[in-house]
Amino acid sequence: MPELPEVEATARSLRPRLVGQRVSRVHGVDWPRMLPNTSEEELNSSLSSRRVVSVGRRGKYLLVGFDDDRWLAIHRKMSGNLILQPAADPTEPHTHLSIELDDHAELRFVDPRKFGRVYLFGSSDELDDFLAERLGPDSLIELDEKVLASKLRGRKARLKPLLLDQSFVAGVGNLYADEALWEARLHPLRSADSLSAREVRRLAQAIKHVLSTAIERRGTSFSTYRDSDGLPGENQDFLSVYGREGQPCPRCGTPISRIMIGQRSSYFCPKDQRAPSTSGRGLGLPRGAQRSAG
DNA sequence: ACATAGACTCGGGCTC
DNA sequence: ATTGCCCGAGTCTATG
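Residues numbered from 1 in each chain as written. Chains lettered and ligands numbered in written order. Predicted model: local features only at pLDDT ≥ 70, side-chain atom pairs only at ≥ 80, totals over all residues. Heavy atoms only, no water.

### Thoughts on the overall build of chain A
Then, number 1: When you go through chain A residue by residue, the secondary structure sums to seven helices and ten strands.
Then, number 2: Taken along the three principal axes of its C-alpha coordinates, chain A extends 65 × 40 × 30 Å.
Then, number 3: The burial tally for chain A puts 50% of its 294 residues in the buried class.
Then, number 4: Here the analysis covers contacts within chain A between residues at least 6 apart in sequence; of these, 63% occur between residues at least 24 apart.
Then, number 5: Taken as a whole, chain A presents about 13,800 Å² of accessible surface, with 48% of it coming from carbon and sulfur.
Then, number 6: Computing the positive centroid from 44 side-chain charges and the negative centroid from 39, chain A places the two 10 Å apart. (Helix = DSSP H or I, 4+ residues; strand = E, 2+ residues; numbered from the N terminus. Buried < 20%, exposed > 50% of the residue type's maximum accessible area, 1.4 Å probe, protein only. Contact = heavy atoms within 4.5 Å. Areas by Shrake-Rupley, 256 points an atom, 1.4 Å probe, with all protein chains shown as cover. Lys, Arg positive; Asp, Glu negative; His and termini not counted. Charge placed at Lys NZ, Arg CZ, Asp CG, Glu CD.)

If you want it as structure tokens, here you go:
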């Protein structure tokens, strides 16, 4: 269930082993719905004998570039893993696509829940159009205090669902949203345009810090996530709030709370992340009528 | 007063 | 049950 750090960790582990390799064949598609804009036949005919020239990432998409400017964009959604192993090794269950390389390694897309998707594009322009209509600024490389402030301005939505909206900022998911809001000491239900300049700066810095630290630990592995070498990450040992309901806040010792926001669990420290006023919005009260709580 | 558009929330669905 | 995300329906708000 990768978010940005898990995709970035996978890209980094794949890059030195994929770049320079030629595709010998594409096979093993057993679930055509995972290829919304292509087919096994088209992948095989267009990628065979093409050389990989880049392995990158944008938001939660892994991007593989080939020497004729064709591109693959792979989204793992909830349960997808990309594993690189010898083509002679047995394929594990739930493998839905295999890309064989001329060094006899094979890149395999393994996805028990079949939510993951693989897209093929004929040029970087097509790829850029696809990404541009889905993704906001990349939360690791394009997000800073100014960008975040302009994105938040005029938005009434609650912070947590906004951070999960990939067209708002790309790459943050449920786990890292909670970790970043905790680090910035902001309640997930705060309305976006209620943040002070100082709070916006804290949030921008917290997002980048949480993501880059997790990348150094090769991502967070709960049950299924593995990098392309089959190794789990280590960040699960360093989480502050996610999945830690009732356990002490690392900063103040207060038990961590869990609430549901938009059908997703949200974990936070009820003392450090102060709840917004409940009278602030949508109840017809005049501005300034909110309880001033310090 | 009323219509409309856009922002926003919620629930279901995908799949095992 | 879950680290994702799409879609449709309904609500709310600002605007003319």
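### Some details on the packing of helix H1 (residues 4-18) against helix H7 (residues 197-216)
Then, number 1: Contact geometry for H1 and H7: axes closest at 9 Å, N-to-C directions at 40 degrees. In this view, H1 runs oblique relative to H7, as classed from their interaxial angle. In this structure, H1 crosses over H7, and the sense of that crossing is right-handed. Where H1 approaches H7, its residues Leu 4, Pro 5, Glu 8 and Arg 12 are matched on the opposing element by Leu 211, Ala 214 and Ile 215.
Then, number 2: Split into classes, the residues belonging to the contact of H1 with H7 amount to five nonpolar, no polar and two charged. (Axes fitted to C-alpha atoms, helices over the stretch in contact; angles between N-to-C directions. Parallel < 35°, antiparallel > 145°, perpendicular 65-115°, else oblique. Left-handed = near helix turned anticlockwise from the far one by under 90°. Nonpolar A, V, L, I, M, F, W, Y, C, P; charged D, E, K, R; others polar.)

### Focus: the pairing of strand E9 (residues 257-261)
Then, number 1: In this sheet, strand E10 (residues 264-268) lies alongside E9 in antiparallel orientation, the contact comprising five bridges. Bridging from a neighbouring strand, Met 260 pairs with Ser 265 of E10.
Then, number 2: Linking E9 to E10, which pair antiparallel, is a turn of two residues; within it Gly 262 sits at a positive phi near 55 degrees. (Pairing = 2+ DSSP bridges.)

### Quick look at the domain arrangement of chain A
Then, number 1: Split into domains, chain A comes out as domain 1 (4-134) and domain 2 (145-291).
Then, number 2: Averaged C-alpha coordinates put domain 1 and domain 2 at centres separated by 30 Å.
Then, number 3: Taken together, the contact pairs 18 residues of domain 1 with 20 residues of domain 2.
Then, number 4: A combined buried area of about 1,500 Å² lies between domain 1 and domain 2, and 56% of that area is made up of carbon and sulfur atoms.
Then, number 5: Every element with two or more residues in the side of domain 1 that touches domain 2 is listed here: H1 and strand E5 (81-86).
Then, number 6: Ranked by the residues each element gives to the side of domain 1 that touches domain 2, the list is headed by H1, at ten residues. (Domains from an automatic or database assignment. Buried area = accessible area lost by both parts, 1.4 Å probe.)

### Considering the sheet that holds strand E8 (residues 117-121)
Across a sheet, strands are paired by hydrogen bonds formed along the backbone, either parallel or antiparallel in direction.
Then, number 1: Pairing is antiparallel in the open sheet, where four strands are placed in the order E2-E3-E4-E8. The open sheet is flanked by strand E2 (52-58) and E8, the only strands paired with a single partner. Strand-to-strand, the axes of this sheet are offset by a mean angle of 20 degrees, without reference to chain direction.
Then, number 2: Taken together, the five bridges between strand E3 (residues 61-66) and strand E4 (residues 71-75) define a ladder with antiparallel strand orientation. In the sheet register, Leu 62 faces E4, and the bridge partner there is Ile 74.
Then, number 3: Contacts from helix H2 (residues 40-47) reach E3, E4 and E8, with the element oriented near 45 degrees to E8.

### Considering the pattern of salt bridges
Then, number 1: This structure, assessed with the given rule, holds 18 salt bridges.
Then, number 2: Among the salt bridges present, the one from Arg 22 reaches Asp 67, with a minimum N-O distance of 3.8 Å. Linking Arg 22 in the loop between H1 and strand E1 (23-27) with Asp 67 in the loop between E3 and E4, this pair joins segments that are 45 residues apart in sequence.
Then, number 3: On the basis of relative accessibility, which here comes to 29%, the residue Arg 22 falls in the partly exposed class.
Then, number 4: What you see here is one network of salt bridges that share partners, running through Arg 22, Arg 50, Asp 67, Asp 68 and Arg 70. (Salt bridge = Lys/Arg side-chain N within 4 Å of Asp/Glu carboxyl O.)

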